Structure formats: structure tokens, C-alpha cells
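What follows is each chain in one-letter form.
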Amino acid sequence: MKRKSQVESRRVSLAALSLPHGKRARLWRLLHAHGPRNGTLLVLPLDQGLEHGPTDFFPNPDALDTDFQFRLALEGQYSAIALGIGLAEKYMAEYAGQVPLILKLNGKTNIPDDAEAASPLFAGVEDAVRLGADAVGFTLYLGSPRQEADILQFRHVRQECERYGMPIVMWAYPRGRAIEVKGGKGTLFAQDYAARVAEELGADVVKLHEPTEDNERCPEPYRSLRESPPDRLRRVVRSAGKVMVLFSGGIKQDDDARVLEKVSLYMECGATGVMFGRNMWLRPFDEALALSQKVHEIMARHSSPDYS
Amino acid sequence: MKRKSQVESRRVSLAALSLPHGKRARLWRLLHAHGPRNGTLLVLPLDQGLEHGPTDFFPNPDALDTDFQFRLALEGQYSAIALGIGLAEKYMAEYAGQVPLILKLNGKTNIPDDAEAASPLFAGVEDAVRLGADAVGFTLYLGSPRQEADILQFRHVRQECERYGMPIVMWAYPRGRAIEVKGGKGTLFAQDYAARVAEELGADVVKLHEPTEDNERCPEPYRSLRESPPDRLRRVVRSAGKVMVLFSGGIKQDDDARVLEKVSLYMECGATGVMFGRNMWLRPFDEALALSQKVHEIMARHSSPDYS
Amino acid sequence: MKRKSQVESRRVSLAALSLPHGKRARLWRLLHAHGPRNGTLLVLPLDQGLEHGPTDFFPNPDALDTDFQFRLALEGQYSAIALGIGLAEKYMAEYAGQVPLILKLNGKTNIPDDAEAASPLFAGVEDAVRLGADAVGFTLYLGSPRQEADILQFRHVRQECERYGMPIVMWAYPRGRAIEVKGGKGTLFAQDYAARVAEELGADVVKLHEPTEDNERCPEPYRSLRESPPDRLRRVVRSAGKVMVLFSGGIKQDDDARVLEKVSLYMECGATGVMFGRNMWLRPFDEALALSQKVHEIMARHSSPDYS
Amino acid sequence: MKRKSQVESRRVSLAALSLPHGKRARLWRLLHAHGPRNGTLLVLPLDQGLEHGPTDFFPNPDALDTDFQFRLALEGQYSAIALGIGLAEKYMAEYAGQVPLILKLNGKTNIPDDAEAASPLFAGVEDAVRLGADAVGFTLYLGSPRQEADILQFRHVRQECERYGMPIVMWAYPRGRAIEVKGGKGTLFAQDYAARVAEELGADVVKLHEPTEDNERCPEPYRSLRESPPDRLRRVVRSAGKVMVLFSGGIKQDDDARVLEKVSLYMECGATGVMFGRNMWLRPFDEALALSQKVHEIMARHSSPDYS
Amino acid sequence: MKRKSQVESRRVSLAALSLPHGKRARLWRLLHAHGPRNGTLLVLPLDQGLEHGPTDFFPNPDALDTDFQFRLALEGQYSAIALGIGLAEKYMAEYAGQVPLILKLNGKTNIPDDAEAASPLFAGVEDAVRLGADAVGFTLYLGSPRQEADILQFRHVRQECERYGMPIVMWAYPRGRAIEVKGGKGTLFAQDYAARVAEELGADVVKLHEPTEDNERCPEPYRSLRESPPDRLRRVVRSAGKVMVLFSGGIKQDDDARVLEKVSLYMECGATGVMFGRNMWLRPFDEALALSQKVHEIMARHSSPDYS
């Protein structure tokens, strides 16, 4: 198979989308009234306590107190904080209105393995409305043997969102026995498929991971594909179509420069933003704030087309 | 077993059906106000992004932008475009009213294998009504070990359609472990059964595949049957009774003449129309348009009985 | 074990049943206003297209057009035609009011095997009401490993029927892995149990099969039982209590005399009637009509007690 | 382990219970207006036709006609007859008001084995209300691998009963693979657990079996327990707390004296009553009546505390 | 891995929580109007009869009569009694208003093993409201292969609680095949995860067990952790965040001093209280009362921050 030339991709423009009023209003708040305020998104997620347990917090026990993340989101001027109902109910009071909320609706522990991964709803869209959230977060375990239940569950969420004008951020995670056989969850095949599924099923924003280089066990034409990291990123951004793409900041990375390079790369490749969890809140508060500031500087150079 | 003589079949006539008003109005739009406008159907489906992932789009990356297919449906005068809620919500705005919509309600990824195939609903009939669709599309995995869930799910869709006067296009796909044991999904046995099931369960239109020649592992009497391609086509059209049959255009075929021959053959054998996906939108736009035009010429020679 | 003396059984009398008005009205139409009109039932079922596929129609392709069966039901003066929603919706228009309808509510394909047989609902009691049906048909797979779902499903149907005054005809079919171990679905053990279950669960009419002679692998006391065919029939009729019994006409039987003998035997043993599918509609129309006429002559000699 | 001294137990007193009006009214009818009329219960169950099939009726075919049991319940002055919806609907007409009804709500065939026993609802509390029943009967398969579904199902029934003031008689049956491993369904361990579960989940009356002597494979402390039959009975009566206990009359026992001894024993040990099915209705009518009369004589000597 | 220094933790303050009125009112009753009345909790649970059967009561058969526990709760001045619907309905009458009720909503028998543990609801939040309960109790089997059903079920309970202002006490129990592989249910890993999950999912109070010392088969970083018992306790209290922690009194412990030491330790480490079941009600009534009194003396020294 011949080497593909560079793949094109464009950042999604809110102005160019045809959206119902409520959805547009909420997305506008996230894109233009908070965070970088230039049509990009900088999101602080905190679902690791449920997904991985307190394990993730060992490097920075202060982060076990959710107030840490709320303060970081506020002072670091994040577009939103993304967390579940229990944390939202207990810690949001003094930040309400100041830190937009993306209410994560489903989740699970990682105690059983992921062979048949499923992420049950532990909150509903009405909870999000009641809490004044500006979006809901939904994890879809793409390709899991339990995809049937997963997709049905997403339908109910989407239809409720339709009713309330609530945007959906989809954590589109390839997962389960079958994806492992086809190369694993981090491959370009998996992430590219995830991007498309997010658009097909009706997400407004999708969280993806930067695709790995390894295509060996993937189905064709991916197996034969040799693309540069930017091309891989552009490919998945393009496959997401009119869905805004957030790339994951991933596990903690001590080298700040490397982190910032990644942000630049993601934004250059058409991402609408980044989602920074452990890579931020596992740092001491001031360091996290300083790093957030540098991320803002990069984001400022990548306004959405609405600003160009 | 003695060779059967040629099987008879007739194209279904809308005028001869006894339908509730809403269903008739919507089918009339599809059959007489759009597309060939002579009681036949030329449908452009776009569910491959969910069903197969971006893989299918590699030969023509332009087609990843759903606007491509909407433009093709409009300029190529298709009877309708058939796609899911995410694509409809995001790309339909400027085509609304001009390109009739068949909203696909269910689907899945092909990451897990098809041994226990099930196609969960990711949208509902109310979504179709809200979007102004003229029909819904439903994939039934005939004969899957999960047929119980599948049929129950179809019931809910059908009853909602009854309520709203919404026609149902059934993708009647034999699938799953048990059909493989009985010869596979493409055999005459499988397609013929699919045609009948579509009628029994209450579809208005059914999408089928041209049956293959291989009957070896099928149950009798199919195993002993030796029929010509036209006879096989006529047989499944006849088994579909008063359900209008669309044959699939199948995977991309580079030889235009061969494609058009197939269309002629299908229409001669009593099909109401064809569903052309990859065979159209994997071609450069102008070529796809030109080919669509030639298909129109054939369809024009096969008006439904309502015009004779 | 000693040879049992002849088993007694009586035909059920509508007059002696204590029924809600709606149910009585509808049963009266079936028993006294159509068909033999003497309290017996002659029913024409057409669910084979879904249950077995077009295979069953090979001996008489004309029967693939459901109009064939409707005409036969009308001209052959059947008490009712029994078929599913798809066929009812599409073919009933010109027969409405003339041919009573038993709407079959559930069904499945025979592509997967019957080890865990389940028959999902593809229509509801409200569909039956809307279509003016005089009864609903429900297949219960007695003794299947999935009997839990089956019985729960029946409950919902029965409760809806209660609400609308709709009689229930139960196809009480022993099925699944466990019944095979206990001798198979056709044994006296299986059919006798089926008859009782129909009464226990609340059917009004039950369709059974003539029990076979083979009791070898059945549980006691059936294993040791040696009864004549009439005694076996009387036994299951008696076990059905106040539920009217219809015996199946079974697969096609070319010898007319043999068919008529069976009808006589069934009626003598207390059956309320017979259900003739393939044994009728696989014959050329005129032959089917002629045979139906002869069946009528027998039925005329077996009025229900309401007429004696 | 040292031999326990005699276990104490007391018969439950209706007067001492704190009940909502409707429940009290219905229990009062069962305890004081029918049957022995002294706060004890003599119940005639007829669910064997569904649970075991017609097999159980071979010794007395007359009993296949449910009128037999209704007459016996009436003339034998039973506190109530306990049977399912099908039999109630068809045979109760002339006994309504004279023979109180305990409507059995769930059941199954015994064709599949009991390794994963579950007893699906085939009727609801509203059916019981409509039929004028004075209680509902519910079979709980304690300890089955499917206990989750079972308990959820019971909740719905209990909540409906709460709403309508309907008492619940629980057939608390240890069942399934796991109980077999722990000694089997008839052991003191199993029956004692059953008694407690009935109280924990909210039954008003529980049907239990006399515990067997064999504790060998039971968990401790039961394994080491050596108790007399009366002590075992008193133990389970005590474990049932404020739930009234009915002991099962069990399979047919030809020796009348032995049957009556059992009744005396049960009543002396604190039971509120007995449930006599096959041990009554498998006898010729007059014998059953005579035996019932003798049971009444015993019951008369064991009034509930409300009468002392 | 280096030895962690002592872990910090604080008792949760009701005053510092942001709660809806109803929830606050009910928690206030539990924390300040009953029991120690200083913002701590002393709860008497009685769910063992369902969870373990009468086995648990052998050392003190008096405790089989639930009146024993109600009296103990009243005279021992417990903050609340926690039990299921059956016991509440039957024994609460004379204690209503005097002994606050935590209605346990779900439960199961321990007859099947816990490999796929699930705890079905046998009562609902409306039952709790009707009975005047001040909280509901919910068992979550964290990490069970059936966690999907478990979490979905919890969502419904939480949403109902939201609606009625009802606090939730979560029995957060790591359970099932997968947790066994990762070291077992009693490890610090398991209990720490449980504490966090309770907060993430939205509990108000969580019941935990004191973590064991054994980390050998746990995932890192727990495997390498060597912490003192107080540090382990403080860790889980900290992981529970703003959820109040109750530690279990565990199985019966004959040495009173040891029991009281544990209470002191728990309270010093930031627990809001203790839950004492068998360790209290398996003692003779007066001994239990005396021990309760001593526990009160300890609790009195550990007021919540609201009192400092």
C-alpha cells in the first residue's frame, strides 16, 4: 500500500453547526464564556476515583479532596470540570456558576477486567439539568461484547439531551475482548473507528486518545498504514466530522515541555481542545496552575474558525 | 429434484396496498415525488461508518464528509438518503425537504464478530418524526441466537410507526452462528427466508441481497435447487409478497456496465428499486453523478404497475 | 402397570363457561357465527412463513400469496384465519368482517435450533383490537429453559386480553432441551402437560398435537402407559379441562380419507375443533375447498353440548 | 456440640399484629370467618397441575376437574383454596364468596431441572383484587442462583399488596444448585433459613415443609445439631417470627392416622395451620371429606392465642 | 516504596455539607436528636437474618425475636436501627418515633456463593418514606462481575432519595470473583476503593470494614504499602471525602475491652460512628446494654466538628 500524503482536517466551528437553542447556549458558554474563550476547550476531568480507585491519587494525596480540582478549574480558568454526581453534589456549592460542569453520567470500577466492559449510568440527564450542568459526559465502550446494552443506554441519554438541549461529551473508548484481538484500544484503527461512531451516534464533543503507532494486529487498510503522528491525529479529527475532538492528556508526564508540545500538536491537527486530568491534578497546586497557564498560551494561538 | 421452471414475480403497486393515510403519504413522497418518480426507489444509504468504521471510506476520503452524500442524493435525484441520527442531525439542515430521509434506527460496530449479532436501537421513531423523515430503517438480524431481543425491539418500532404513520424499511439480514451452519447469509435459503420474514413482521420495504448460487449447505429443498440468477431474484421478490424489495448495490464494483446490468436485472425481476451505497459514494462525485444518471435511465423503463 | 380403561372426556360448552362479556361475544362469533356454526371450530393457520420460512410453500407456490389463504378461509367457511400482523395488515382489507381473525402475537424463525426456544412478541393485544380480531394467538414453549421469559410474556398478554375482552388461543408447544430428554415434544407426557398448562395459565382455546405412541423415555406414570390413540386424545382433552382443544392437522397428508378419519377421531374424543394449515393450503385451491367441505360434514355431526 | 434443650415457639396472634386495615380484614376472613374459625388455617392448594403436570392426578383422575377441589374446599370447610388464575377464572363462579381464594401468582413447569429454579409471575395482585381473593400466593425459590430476579419480583408483588391491603402467603422453597450442595431443600438448615427469609422480606403467612433429620451436608451449626422432630418444627416456627406458618401436608400418605398425627404435631409446635393438597384431593371425595373433618377436630384444639 | 508518614483525616461535619432541606433534616435527627447526639452515629443493624440465615442467632436465640433489637436500640440510645421491610413492618409499631429507622432496601441469602454477588432491592424508597425512616440502607457489591446491574439499581435509589430528601447509607462491600483475585474484600485496597466509590456514586454515609494488614495479592501501590492500623483507617476515612464513615463492629468479640478499644480507634481516626450488630445483640440484653453505655462514653469524647 502506498504511503498516504498528509491528511487534512479542520477544527469544528460552532457557528457552522445547526443546533437547537439550548444546546447552542450551553456549548457557547463552554467555548466562549469560560476557559480559553476562543472556541477551544480545556477540560479538567475527575472520574479516576471511580474508574481506578484512590490508586491514582497516591502521587498527590491533596487531590483526594475534590476541592483541589474545583479550585484548579476555577483559578486555572478551565472551560469545565467533568465529574460524577457524588462529587458534584458535595463539592460544587461554592463554585456553581463559576466553573461550568460536565456531569459524567456513567462509570464503573476497574476491579473486573475489561473483556466485557460496560459502563452503567449512575446519574441521568435530569440530574445534570438540576445541577445546572452545561453538558453531560457519557463513556461508550465501543466494540465491547456488551455494545448492545451500551448503545441502547446511550440512546436514552441522547433522547433526554434532545429534550433538555443538553450537549453530550462522549468518552469514546474502544474496549473489550474483540478490540484486543484487532490490535488493542489505542491503535489508529480503534481511535479512528471511535471518532466516527461518536458522530454516527450523535455526540457533540468526543474525547479520544492520540493513536499509537502500532498497527500490526489491526485489520486492513490500517495494518499497512504508516503515518506520522500528526497525520494520525488529523485522520481521527477528520473521521469525527462535525464532532469536536478533545484529546486526552493521558497519564502523568513529568516533562512539562513534552506536555505542551502535545497540546500544540493536538491543536494544530484540528482538535477543539484537550482534557487534562492526572497530568494536571497530580502536580502540586501551583505547578498545576502554572502549567495550565502555559496551556492557555498555546490554546490562544488556535482559535476556532469562528474567530478567524 | 427436477429443474423448476421460471419463477413469476410482480413489482408491488402502492395503489393496490391498503395503507393508513400517513404511511401512504410518506411512501408516495418517496415513490412519486422524489427519485425516479415512477413508483420505483433509488436509495443512497450511509450506515457504513457505524457498521464498518472509517475503513470503508479509504478509497474516497471525500466521502467521510457526509455533505458529499447529501449533495449526491440531491443532485443525483435519489428517492432518499438513509442514515443515522448523528449524521442526520449534523448534515441535513440545508437539504431538509429536498432530500427525503430514511432514518436508520439501529446499528452496531463490527468489532465483535457476528456469531450472536444484535443491532441495538440508537434512535427512535419519534426522532424520525421530529426530523421530518419519510421512513425509518431497521436492521433485523434474522436467525441470530439473539433473534428474541431483535424481534421484540422491532415490535416496539413497528407499533410506534403505526402510531405515526411512518413506513418501515427493513434491512433483513440473515446473520449469526446458526445461519452460517445452514449455508451462510448470502444463500437463496437465507435471502428467501429474509424476504418472507419482512412481510410477516410488518415491513413496508425490505432491503435484500442478490442470492448467491451456492446452496450446498442449505436445508432442503434449497440444497437441490438449481436456478438461474433471475429465477433466484424473482423467487425472493415473490416471497416478499406485498413488501417492496430493494436490492443492495453491494461493495464497490469498478465496472460500470456490470453495475447497470445488475440494476436492469433486479428491476426486471420485480424489485421496486435499488440501494446504492459504496458503489456510488466511493466514486469521485462527478462519476457517481454520471452513474446515477444511467441508473435513472434504467429505472425509467421499470415503472411500477401504478403507471402502467 | 395395568392397562387403563377408556378415558372419558367432554367437549367444552360455551354456555357453561363463566366469561366476561367481550370474551363471550368474540368466542360466540367464532363458534356460532362463522365456520361450522355449531360450537365447533375450523381454523386456518398461516404462521409457517415465519416459523419455517418459504420452505413450506414449495409444494404449492400459489400459497405464498396470502390472498390464497384468505380466499380459502372465506369460501371454505373457516371459523377464523390465524396469522401475524404483517400478513393481516397487508391482505385482510377485503375480507374484514367476513373472515374472523386470530392474530398470532409471537413467533420466531427456525434458524437457531430449539434447545432454548423462545417466541418473542411481534405484535400486541392492542394490534388485535385495532384490527378487529376475535382472538389472539400465543405460542408458549412449555418447558423450555427460557420458560421464565415465556410465562412472564404470557402474563402481559393475558392481562391485556382481560382488559379488552379478547380470547386467547394458545399454541401450547412443549419445546427445548429438557423436554427432549424426557421423551420429546410429541409424547403423551408432553401433550398432556401442555393441555393442563394451558388451563392453569388462562388460555381459552389450546392447540395441541395428537400424542404419539412412544412413551419410552417419558417420566412415569407415562412410561408404563399403553393407551389406544382415542384414549390418548381423550386424556389430553380431559387435562385441558374447560379449555377448548384444537388438534393440529399436521404436515401435509396426501390421503384425504386418512385426513378425514383424523378429524372424526379428534371430534369424537372431545376436541372443539381442528386447525388445518399445510394440510389444506398446500393443495390446489379447489381440492382444498372440497376437502374443507368434507371436514364440515364431519364437524356438523359433532356439535358442542350447547346444541344438544 | 451439646444437645439443645427443647426449643420454644408460639402461634402467631392476629390481634397482636400491627396491620393495615385491608390486610387485617382479609386475614380475619381467612382465620375467623372460614375454615376452623379459631385463628388457624386449613388450606387446600391446587398448583400441582402446573408445577408437576397431570402426573400428580393419576391416582384420582376425578381431581383433574377443578370442581372437585372447589367442592371439597366448600364442603370440607377449608379456610381457602389456593390456585392459579386459569383455574380461578374457570371454576370459581359458583363458589365465589363461599370459598376464600388465595390466588397463586407465579409458577413454572418441572420440565427443566431445578438447578437455576425461578418461578415467573403469571398473574398479578390486581388479578387477585379483581377476583375478590383474600390473599395472594407467591413461590420464592430461596437460594437459587436466580434469587436476584426472584427477590426483585417479590418486591413488586409486595408493593402492590401494600397498595391494596392484600396479605401474602409465601411458598418459601429452598431450591437450586447451591442449596443442594449445602444439604438439600428439605433440611433443617434450609427450612429454618426459609422461615426467616419469609419474615425478612415481608410475607404474612409462610408455607414450609417439616425439616428432615439429615443435617450431614449442612453448614454448621446445623450439621452438629441433633434435634427431635418437634424441636425442629418449633425452631422453624420461631425463626418465622410474626409470620404465620403453614406446614405442607406433603405427598399422598395412605395411613390416615399418620396424617392426623402430623397435623397434631404441627399445631402443637406453633404452626398456624396446614396446607393439604394431594393428601386430600387424591382420595375419593367422601374419604377426603371425612379426613378433613378429622383434621378440623384437631385444629379445634389448637386455637390461636386470640382465642385463649 | 518508602514508608508513608501518618495519613491525615477529619470527621465530616454536617454543618459544612451543602444539603437539600429534607436530607439535612433527617441526618440531623440521626446525628443530633438520637444516639450520642453529638454529631456521631451509633447504629444497630439487623440484616443478618436475611444475609446469613438464623445461623447467626444461635449464640443468643432471644435475638431471633426482633423486639430484642428494637428494645436494645431504644434503651441503649442508638442513633438508629437498620433493618429490612419485613422486620420494620412487623416490629416497629411501638418504637415508631422513638427509634429512628434506616430501612435496608436490598439483600440476598448467602446460599449461592459470592463469585457474582448481587443484592436485589426488596423494598423501595417510597417504603422508607411511608414508614417514616430517616435514611435508607443500600448494599453495593463493589467490583462484582454484576456491578453493572448494581450501579444501575443504585441510581434509581439515589434518584428517588433526591426526590424525597432521603439520606443514603451505603454498605460498600467489595465482593465477587475479581476482588478475590486482587487480594480479597477485606484489604486496604478493597476498602479504600469502596470508600471512594461511595463518595463518587453519591452516598451520604458509608459502612466500611477496618482494613486488614495483608496487601500481598493487591495491586500496587497497595501491595508495597506497610501502614499501621490507624493509618489504614485514616486513609479510608480520607478516601471517603465528605461521606460519613461508619466502621463495622464485625463478628462477635467476647473481650469487651477489645471492642471498646476498636471504637476509640475508629473514632480517633475520623469515623463518624460505628455499626454494631452481632457484637451487641448476641450478648444477653443487660450485657449488651452495659456495653452500649460504654460505647456511648467513648463517642461522647469524639464529637463531630459541629460541636468543637
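A few points on the structure. (Residues numbered from 1 in each chain as written. Chains lettered and ligands numbered in written order. Predicted model: local features only at pLDDT ≥ 70, side-chain atom pairs only at ≥ 80, totals over all residues. Heavy atoms only, no water.)

1. Points about the overall build of chain A
Part 1: Across its full length, chain A holds 12 helices and 8 strands.
Part 2: Computed over C-alpha atoms, the radius of gyration of chain A comes to 18 Å, within 12% of the 19 Å expected from 2.2 N^0.38 for 308 residues, which places it in the range of a compact globule.
Part 3: Referenced to the eigenvectors of the C-alpha coordinate spread, the extents of chain A come out at roughly 55 × 45 × 40 Å.
Part 4: Across the 308 residues in chain A, those meeting the buried criterion constitute 65%.
Part 5: Taking as baseline every contact in chain A between residues at least 6 positions apart, the subset at least 24 positions apart corresponds to 75%.
Part 6: Surface summary for chain A: the accessible area is close to 10300 Å², and the carbon and sulfur share equals 48%.
Part 7: Charged side chains in chain A number 40 positive and 41 negative. The centres of these two groups are separated by 5 Å. (Helix = DSSP H or I, 4+ residues; strand = E, 2+ residues; numbered from the N terminus. Rg over C-alpha atoms; globule rule 2.2 N^0.38 Å. Buried < 20%, exposed > 50% of the residue type's maximum accessible area, 1.4 Å probe, protein only. Contact = heavy atoms within 4.5 Å. Areas by Shrake-Rupley, 256 points an atom, 1.4 Å probe, with all protein chains shown as cover. Lys, Arg positive; Asp, Glu negative; His and termini not counted. Charge placed at Lys NZ, Arg CZ, Asp CG, Glu CD.)

2. Digging into the interface of chain C and chain D
Part 1: Tallying the contact residues gives 37 residues for chain C and 38 residues for chain D.
Part 2: Interface area for chain C against chain D, summed over the two sides, is near 3200 Å², with a carbon-plus-sulfur share of 59%.
Part 3: Interface area lost by chain C to chain D is led by Tyr 193, Arg 196 and Glu 200 of chain C, which between them contribute 23%.
Part 4: Linking chain C with chain D are 3 salt bridges.
Part 5: Arg 130 of chain D is the salt-bridge partner of Glu 162 of chain C, the closest N and O atoms lying 3.3 Å from each other. (Buried area = accessible area lost by both parts, 1.4 Å probe. Salt bridge = Lys/Arg side-chain N within 4 Å of Asp/Glu carboxyl O.)

3. Here's the deal with the interface of chain A and chain E
Part 1: Listed per partner, the contact involves 38 residues of chain A and 37 residues of chain E.
Part 2: In total, about 3200 Å² of surface goes out of reach between chain A and chain E, with carbon and sulfur atoms giving 59% of it.
Part 3: When residues of chain A are sorted by the area they lose upon contact with chain E, Phe 58, Lys 90 and Ile 111 of chain A head the list and together hold 25% of the total.
Part 4: Scanning the region where chain A abuts chain E turns up 3 salt bridges.
Part 5: Across the pair Arg 158 of chain E and Asp 127 of chain A runs a salt bridge, and its minimum N-O distance is 2.8 Å.
Part 6: Summed over the shared surface of chain A and chain E, the result is 21 residue pairs in polar contact (both at pLDDT 80 or more).
Part 7: Considering every element that reaches the side of chain A that touches chain E, the biggest residue donor is helix α4 (residues 85-91) of chain A, with 6 residues.
Part 8: Here the side of chain A that touches chain E is built from residues that sort into 19 nonpolar, 12 polar and 7 charged. (Polar contact = N/O pair within 3.5 Å; in protein donor to acceptor, adjacent residues only side chain to side chain. Nonpolar A, V, L, I, M, F, W, Y, C, P; charged D, E, K, R; others polar.)

4. Topic: unusual backbone geometry
Residues and elements named next belong to chain C.
Part 1: For the bond from Glu 220 to Pro 221, the omega torsion is 0°, close enough to zero to count as cis.
Part 2: Along the chain, Pro 221 turns up in the loop between β6 (205-208) and α9 (229-239).
Part 3: Of note in the backbone geometry, Gln 77 takes a positive phi value of approximately 55° without being a glycine.
Part 4: Residue classification places Gln 77 among the partly exposed residues on the basis of a relative accessible area of 40%.

5. Some thoughts on the relation of the copies chain C and chain D
Part 1: You can overlay chain C on chain D at an RMSD of 0.0 Å; the transform is a turn of 72° with a shift of 0.0 Å along its axis. These values place the two chain copies in the arrangement generated by a five-fold rotation axis. By C-alpha distance to the rotation axis, the residue of chain C lying nearest is Ala 149 of chain C, at 9.7 Å. (Least-squares fit on C-alpha atoms with pLDDT ≥ 70 in both.)

6. Overview of the packing of helix α3 (residues 67-75) of chain B against helix α12 (residues 285-300) of chain B
Residues and elements named next belong to chain B.
Part 1: Remark: α3 packs on α12, axes separated minimally by 10 Å, with the N-to-C direction vectors making an angle of 35°. Crossing of α3 over α12 shows right-handed handedness. Across from Phe 68, Arg 71, Leu 72 and Glu 75 in α3, the residues of α12 making contact are Phe 285, Ala 288, Leu 289 and Ser 292.
Part 2: Along the lines of polarity and charge, the residues of the contact of α3 with α12 split into 5 nonpolar, 1 polar and 2 charged. (Axes fitted to C-alpha atoms, helices over the stretch in contact; angles between N-to-C directions. Left-handed = near helix turned anticlockwise from the far one by under 90°.)

7. Notes on helix α12 (residues 285-300) of chain A
All names here are of chain A.
Part 1: Here α12 is 16 residues long and its end C-alpha atoms lie 22 Å apart, about the 22 Å a rise of 1.5 Å per residue gives.
Part 2: Those residues of α12 that fall on the buried side of the exposure criterion are Phe 285, Ala 288, Leu 291, Ser 292, Val 295, His 296, Ile 298 and Met 299. For α12, the angular spread of buried residues about the axis comes to 160°, placing them on one side. Exposed residues lying more than 90 degrees from the buried face of α12 are Asp 286 and Ala 300.
Part 3: Residues of α12 that are buried make contact with β1 (41-46), α3 (67-75), α10 (256-268), β8 (273-275) and α11 (278-281). (Expected span 1.5 Å × (residues − 1). Arc of directions from axis to C-beta.)

8. Section: the pattern of salt bridges
A pair can form between side chains of opposite charge whenever their charged atoms are brought close.
Part 1: Enumeration over the complete set of coordinates arrives at 105 salt bridges over all chains.
Part 2: When salt bridges with common partners are traced through the structure, they connect Glu 89, Asp 127 and Arg 130 of chain A together with Arg 158 and Glu 162 of chain E into a single cluster.

9. Considering the side chain of Lys 104 of chain B
Part 1: Along the chain, the position of Lys 104 of chain B falls in strand β3 (residues 101-104).
Part 2: Among the polar contacts made by the side chain of Lys 104 of chain B, one reaches the side chain of Asp 47 of chain B at a distance of 2.8 Å.

10. Looking at the sheet that holds strand β3 (residues 101-104) of chain A
Residue and element names in this part refer to chain A.
Part 1: If you walk around this closed barrel you meet the 8 strands as β1-β2-β3-β4-β5-β6-β7-β8, and the pairing is parallel. The mean angle between the axes of side-by-side strands here comes to 25°, regardless of whether they run parallel or antiparallel.
Part 2: Across 3 bridges, β3 lies against strand β4 (residues 135-140) in parallel orientation. For Lys 104, the partnering residue across the bridge sits in β4 and is Gly 137. (Pairing = 2+ DSSP bridges.)

11. Points about the environment of Tyr 141 of chain C
Residue and element names in this part refer to chain C.
Part 1: Mapped onto the secondary structure, Tyr 141 falls in the loop between β4 (135-140) and α6 (147-164).
Part 2: When its relative accessible area of 2% is taken as the criterion, Tyr 141 is described as buried.
Part 3: The spatial distance from the C-alpha of Tyr 141 to the C-alpha of Ile 151 is 9.0 Å, given a sequence separation of 10 residues.

12. Details of the environment of Gln 253 of chain A
Part 1: You can see Gln 253 of chain A is positioned in the loop between β7 (244-248) and α10.
Part 2: Residue contacts for Gln 253 of chain A: discarding those within four places in its chain leaves Arg 258, Val 259, Asn 279 and Arg 283 of chain A.

13. Here we look at the sheet that holds strand β7 (residues 244-248) of chain D
Residues and elements named next belong to chain D.
Part 1: Read around the closed barrel, the 8 strands follow the order β1-β2-β3-β4-β5-β6-β7-β8; overall the barrel is parallel. Within the sheet, the average angular offset between the axes of one strand and its neighbour, ignoring direction, is 25°.
Part 2: As defined by bridge partners, strand β1 (residues 41-46) adjoins strand β8 (residues 273-275) across 3 bridges and the pair is classed as parallel. Pairing of Leu 41 across the sheet is with Gly 273, part of β8.
Part 3: Contacts from helix α1 (residues 21-33) reach β1, β2 (80-83), β4 (135-140), β6 (205-208) and β7 within the one sheet, and its direction differs from that of β1 by about 105°.

14. Some thoughts on the pairing of strand β1 (residues 41-46) of chain C
Residues and elements named next belong to chain C.
Part 1: Judged by how many residues are buried, β1 sits mostly within the fold: 6 of 6 residues are covered.
Part 2: Here β1 shows a buried face lined by Leu 41, Val 43 and Pro 45 and a second buried face lined by Leu 42, Leu 44 and Leu 46.
Part 3: In this sheet, strand β2 (residues 80-83) lies alongside β1 in parallel orientation, the contact comprising 4 bridges. Paired with Val 43 across the two strands is Ala 80, which belongs to β2.

Geometric descriptors of this kind do not, in isolation, establish any biological role.
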